[in-house]
Amino acid sequence: MNDDVRNIVLGVVAAGISAALGWLARTYLWKRRLRRKQAFFGLPDNSESLLVVNRAAGGTELTVKRHDVFALLELAALVKDCNAAVQVVAHDVAQQGFGERTEFCVGGPASNRRMAAHLASLLPGVQVSTDGEPGPDRDALRIGGERYLPEPGRSEYVLLARLTAGQGRESRPVFLFCGQRSITNQAATRYLARNHERLSRKHGGGSFALLLKVVNSQAYGPDVVELVADVTRAAQAPPPAAEAQRTSHRAS
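Residues numbered from 1 in each chain as written. Predicted model: local features only at pLDDT ≥ 70, side-chain atom pairs only at ≥ 80, totals over all residues. Heavy atoms only, no water.

Draft legend 1. Spotlight on the pattern of salt bridges. In the structure shown here, the tally under the stated rule is 11 salt bridges. In this structure, E48 and R101 form a salt bridge, with 3.4 Å as the shortest nitrogen-oxygen distance. Here E48 is found in strand β1 (residues 48-53), whereas its partner R101 is found in the loop between β2 (85-90) and β3 (102-106), with 53 residues between them in sequence. For E103, the salt bridge identified is with R114, shortest N-O distance 2.7 Å. Of the two residues, E103 is situated in strand β3 and R114 in helix α3 (residues 113-122); the sequence distance between them amounts to 11 residues. By relative accessible area, which is 1% here, E103 ends up buried. Each of E74, R190, R194 and D223 takes part in one network of salt bridges that share partners. (Salt bridge = Lys/Arg side-chain N within 4 Å of Asp/Glu carboxyl O. Helix = DSSP H or I, 4+ residues; strand = E, 2+ residues; numbered from the N terminus. Buried < 20%, exposed > 50% of the residue type's maximum accessible area, 1.4 Å probe, protein only.)

Printed below as a string of structure tokens:
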């Protein structure tokens, strides 16, 4: 074997080794990224999750609005990416506790009874107006001492939360998408899909509640979203009236 042939053979071998190492590195990084995503969403391989759908506010039957359907589709894609399965159930038949399966709950308390239950038990500092009549507080969102009113089509708010029951590492999270309109629910699911890695780095496996503002939805749809504030502490604290009443009971 002369030097030219030897150099060609060595070049081919070196290229093959480099390609194999590159493939192994990419596979390792992809698997590590997948495991982090699965840990954040509480969705290991072949696990099950729950999509809790709402109904159109004021309706008597299970009629899901168009943007809420889009939100469910985006969440289903996230679940599939984690190699997990999903079950879709109506809000008024999802009679189970939380922590056993990852849950994605979509819609405000006026159209989703399970959302109302989650807010009352897990985020008592959040109050959402359920009065459909015209008035100054229609669709108002209160968190702590702050009130957020929508300007339909211009600026609307949605609460995105990841909550755990605190029952150990195996407890699955509950994700809440509680918006003032159905398009804000979709905006929150899209925000989560785009930013889950950053949220995972910042919050780890813990609970958080974020207030998001959807900007000019009549022109941009659910795509332009601003983070208003991390409202975890205010959302988890009891409202001032309830705290005052509790203090009064203790004093008596």
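Next, the rest of the story.
Draft legend 2. Layout of the sheet that holds strand β6 (residues 146-148). Pairing is antiparallel in the open sheet, where three strands are placed in the order β4-β5-β6. If you trace the sheet from one side to the other, it starts and ends with β4 (126-128) and β6, each paired once. Strand-to-strand, the axes of this sheet are offset by a mean angle of 15°, without reference to chain direction. (Pairing = 2+ DSSP bridges. Axes fitted to C-alpha atoms, helices over the stretch in contact; angles between N-to-C directions.)

Draft legend 3. Structural detail: the side chain of S111. Here S111 is to be found in the loop between β3 and α3. By relative accessible area, which is 7% here, S111 ends up buried. A polar atom in the side chain of S111 sits 3.1 Å from the side chain of N54. (Polar contact = N/O pair within 3.5 Å; in protein donor to acceptor, adjacent residues only side chain to side chain.)

Draft legend 4. Representation of the sheet that holds β1 within the structure. Within the open sheet, the seven strands sit side by side as β2-β1-β3-β8-β7-β9-β10. Their pairing is mixed. The open sheet has two edge strands, β2 and β10 (225-230), and neither has a second partner. Averaged over neighbouring strand pairs, the angle between their axes works out to 20° when direction is ignored. Relative to strand β8 (residues 174-179), β3 runs parallel, the two being bridged by four bridges. Considered in β8, the bridge of F104 is made with F175. Against the sheet, α3 makes contact with β1, β3, β7 (155-163) and β8, and its axis sits at roughly 110° relative to β8, the strand it touches most. (Contact = heavy atoms within 4.5 Å.)

Draft legend 5. View of the packing of helix α2 (residues 66-81) against helix α4 (residues 182-203). Look at α2 against α4: their axes get within 7 Å of each other, and the N-to-C directions meet at 20°. Comparing their axes, α4 and α2 come out roughly parallel. Helix-helix and strand crossings are classified by hand; for α2 and α4 the assignment is left-handed. Packed against α2, whose contacting residues are H67, D68, F70, A71, E74, L75 and L78, the element α4 presents S182, I183, N185, Q186, T189, R190 and A193 at the interface. For the contact of α2 with α4, a count of residues per class yields six nonpolar, five polar and three charged. (Parallel < 35°, antiparallel > 145°, perpendicular 65-115°, else oblique. Left-handed = near helix turned anticlockwise from the far one by under 90°. Nonpolar A, V, L, I, M, F, W, Y, C, P; charged D, E, K, R; others polar.)

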